Amino acid sequence: MSVTLMWEAAAAEGRGPELLAWAREAAAALPGGFLRREFLTAPGDRVLVLTWWDAAYDDAVPELAEPPAGLVRRDVHRWRFTSVAVEPTG
């Protein structure tokens, strides 16, 4: 079984690139063991980090911390998901 952690933050005005850099550094500092890690951005200086782990839904797995004060404009959103299907392209 695997669990996917989703971490999403909205940067303070104009600080999207800085938030992305912070998230990448913070993720690199987490203990290893993840199956996959992906970083995404969206309009409004939003940053999304997805990490996949070989773990049960409720297992303790490393998570990104809160960004430094002033780097974000609201609280970070976090969710856990489990995969129900993977479909090939085409």
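All values reported here derive from a predicted model rather than from experimental measurement.

A. Representation of unusual backbone geometry within the structure. One non-glycine residue, Asp45, lies in positive phi territory at about 55 degrees. By the secondary structure assignment, Asp45 is in the loop between strand S2 (34-42) and strand S3 (46-53).

B. Main features of the pairing of S2. By the bridge criterion, 8 bridges tie S2 to S3 in an arrangement that is antiparallel. Within the sheet, the bridge partner assigned to Ala42 lies in S3 and is Arg46. Hairpin remark: S2 followed by S3, antiparallel, with 3 residues in the connecting loop; positive phi at Gly44, about 85 degrees.

C. Representation of the pairing of S3. With 8 bridges joining them, strand S1 (residues 3-10) and S3 adopt antiparallel strand pairing. Counted as the bridge partner of Thr4 is Trp52 from S3.

D. Inspection of the sheet that holds S2 at higher detail. The 4 strands are arranged S2-S3-S1-S4 in an open sheet whose pairing can be described as antiparallel. Edge positions in the open sheet fall to S2 and strand S4 (77-82), since each of these has one partner strand only. Averaged over all pairs of adjacent strands, the angle between their axes in this sheet comes to 15 degrees, without regard to strand direction. Contacts between helix H1 (residues 16-29) and the sheet are confined to S1, S2 and S3, with S2 contributing the most and set at about 175 degrees to the helix.

E. Structural detail: the nonpolar core. Of all hydrophobic cores here, the largest spans 13 residues; its most connected members are Trp7, Ala9, Leu19, Trp22, Ala23, Val47 and Val49. Contributions of two or more residues to this core are made by S1, H1 and S3. Looking at this core, the element that brings in the most residues is H1, giving 4 residues. Other than its neighbours up to four places away in sequence, Val47 contacts Trp7, Glu8, Ala9, Gly16, Leu19, Leu20, Ala23, Leu40 and Thr41. In terms of nonpolar packing, the next biggest core, distinct from the first, is built from 5 residues, Val3, Leu5, Trp53 and Ala55 among them.

Thresholds applied
- Residues numbered from 1 in each chain as written.
- Predicted model: local features only at pLDDT ≥ 70, side-chain atom pairs only at ≥ 80, totals over all residues.
- Heavy atoms only, no water.
- Helix = DSSP H or I, 4+ residues; strand = E, 2+ residues; numbered from the N terminus.
- Pairing = 2+ DSSP bridges.
- Axes fitted to C-alpha atoms, helices over the stretch in contact; angles between N-to-C directions.
- Contact = heavy atoms within 4.5 Å.
- Core = buried A, V, L, I, M, F, W, Y, C linked by side-chain atoms within 4.5 Å.
- Buried < 20%, exposed > 50% of the residue type's maximum accessible area, 1.4 Å probe, protein only.

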